[in-house]
Amino acid sequence: MREILGRRRRLRYRRKKGPNQLETALTCAAEWDWPVLPGVGPKAAGGNSPEGSGRSGRDRGRGCACPDPECVVPGAHPFDPGILAATTDERMIRWWWSNRPTAPVVLATGGRAPCALSLPAVAAARALAVLDRMDMRLGPVVATPTRWSLLVAPYSLERLGELLFVKDCVPSSLRFHGEGGYLVLPSSETGSGQVRWERAPLPGSAAPWLPDVEAVVDALVEATASSAPESGLYPPDAGGGSRLAY
């Protein structure tokens with residue numbers, strides 16, 4: 001009986017513990033040299049949406065804690081402090097998360113930190129399957145309920161412009177998160193839901209390996225061009241266009 005009760009206590013402790021945002025922030029900053037800062041986070045559970053916002057009762061409590069009732073990235077962006085405050089300073093990070101322990105961990109992309117390419121979640125899942133069949137080596141992949149982001153080595157806006165200039169086409173839904181941008185990291189909670197690793201960094205690595213942006217863009221363009229209906233990238237009723245590019 002004592003053994004069963006002890007097991008229950010351990011299970012209760014594990015359930016209460018939950019994700020440790022401070023630990024995540026310190027790993028990024030101290031071990032990987034990635035500058036981070038706390039995100040604004042989602043609206044408190046049970047919070048009422050402003051009148052006339054058009055949100056249903058089912059969506060209440062899932063909006064953004066910022067003042068914008070129409071925020072397009074609820075809970076998943078910096079607010080106070082702003083993006084320029086991102087740092088690798090351990091003391092500052094401890095102070096931030098001691099005051100807001102559940103705040104999302106936001107990575108300031110570019111510079112010495114990773115950049116990212118993101119696609120809508122369904123298209124990204126299909127893209128990863130195609131890239132795996134192409135034996136394309138990928139770095140960490142961050143997944144939210146709406147979009148997946150493939151982390152890549154830092155790139156400049158000039159290099160990105162040159163890379164895209166020579167392409168006949170790229171997936172229309174592809175977004176680039178470079179210098180001056182940001183990305184919410186696992187296991188943060190945002191207004192659209194939980195952020196998780198679809199492809200997690202290898203444990204024990206000094207810093208996650210990151211592919212070159214050109215290699216990933218080239219692979220995505222090739223995957224888009226070759227996504228025939230029999231590849232599994234199309235639903236049965238799709239037309240002739242690629243399902244990676246919606």
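Note that this is a predicted model, so its numbers are computed, not measured.

Calculation notes
- Sequence order as written defines residue numbering, which begins from 1 separately in each chain.
- Per-residue local features are limited, in this predicted model, to residues with pLDDT of at least 70; the limit for side-chain atom pairs, both in listing and counting, is 80 or more; totals at the level of whole chains, interfaces and linings are taken over all residues.
- Heavy atoms throughout the structure, all of them, feed into the side-chain values; hydrogens and water do not.
- The helix count covers DSSP runs of H or I at least four residues long, the strand count covers runs of E at least two residues long, and both are numbered beginning at the N terminus.
- Exposed residues in this analysis have more than 50% of their type's maximum accessible area, buried residues have under 20%, and partly exposed residues fall in between, with area computed by a 1.4 Å probe over protein chains only.
- Note on contacts: a residue pair is in contact if any heavy atoms of the two residues lie within 4.5 Å.
- With residues, only the protein chains shown are counted as cover, and all accessible areas are computed by Shrake-Rupley using a 1.4 Å probe.
- Within this document, salt bridges are pairs made up of a side-chain nitrogen of Lys or Arg and a carboxyl oxygen of Asp or Glu, the two lying within 4 Å of each other.
- The quantity known as pLDDT measures the predictor's confidence residue by residue, on a range of 0 to 100.
- Strands are labelled as partners when DSSP assigns at least two bridges between them.
- Lines fitted to C-alpha atoms define the axes here, with helix axes fitted over just the stretch in contact, and angles between the N-to-C directions of these axes take values from 0 to 180 degrees.

Student: Would you take a moment to explain the overall build of the chain for this structure?
Tutor: Within the chain, the secondary structure is distributed over 6 helices and 10 strands. Looking at the chain as a whole, 43% of its 246 residues qualify as buried. Residue pairs in contact within the chain that sit at least 24 positions apart in sequence constitute 76% of those at least 6 positions apart. About 13,600 Å² of surface is accessible on the chain, with carbon and sulfur atoms providing 53% of the total.

Student: Whenever I open this one, the pattern of salt bridges confuses me. Can you help?
Tutor: Proximity of charged atoms lets side chains of opposite charge pair with each other. Summed over the entire model, instances satisfying the criterion amount to 8 salt bridges. For R91, the salt bridge identified is with D89, shortest N-O distance 3.8 Å. For the salt bridge of E90 with R94, the shortest nitrogen-to-oxygen distance reads 3.1 Å. Placement of the pair is E90 and R94 together in helix α3 (residues 90-99), with a separation of 4 residues, close to one helical turn. The partly exposed category is assigned to E90, whose relative accessible area is 39%. Bridged by salt links that share partners, the residues R159, D212 and E214 form one connected network.

Student: Even after reading the chapter, I still don't get the confidence of the model for the chain, so can you show me in this structure?
Tutor: Per-residue pLDDT for the chain averages 80, and the proportion of residues at 70 or more is 76%. Within the chain, helix α1 (residues 2-17) has the poorest average pLDDT of any element, 41, and strand β4 (residues 141-143) the best, 97. This stretch, residues 48-61, has a pLDDT under 50; its non-local contacts, to residues over four places away or in other chains, come to 15 contacts.

Student: Explain the sheet that holds strand β10 (residues 196-199) here, please?
Tutor: Note: strands within a sheet are paired through backbone hydrogen bonds, in either parallel or antiparallel orientation. The 5 strands are arranged β6-β3-β5-β4-β10 in an open sheet whose pairing can be described as antiparallel. Lying at the two open borders of the sheet, with one neighbouring strand each, are β6 (175-177) and β10. Geometrically, the sheet is characterised by an average inter-axis angle of 30° between neighbouring strands, direction not taken into account. Two elements, β4 and strand β5 (residues 147-152), share 3 bridges in a ladder whose sense is antiparallel. For V142, the partnering residue across the bridge sits in β5 and is S149. This element, helix α6 (residues 213-225), spans β3 (115-120), β5 and β6 of the sheet and lies at about 15° to β3.

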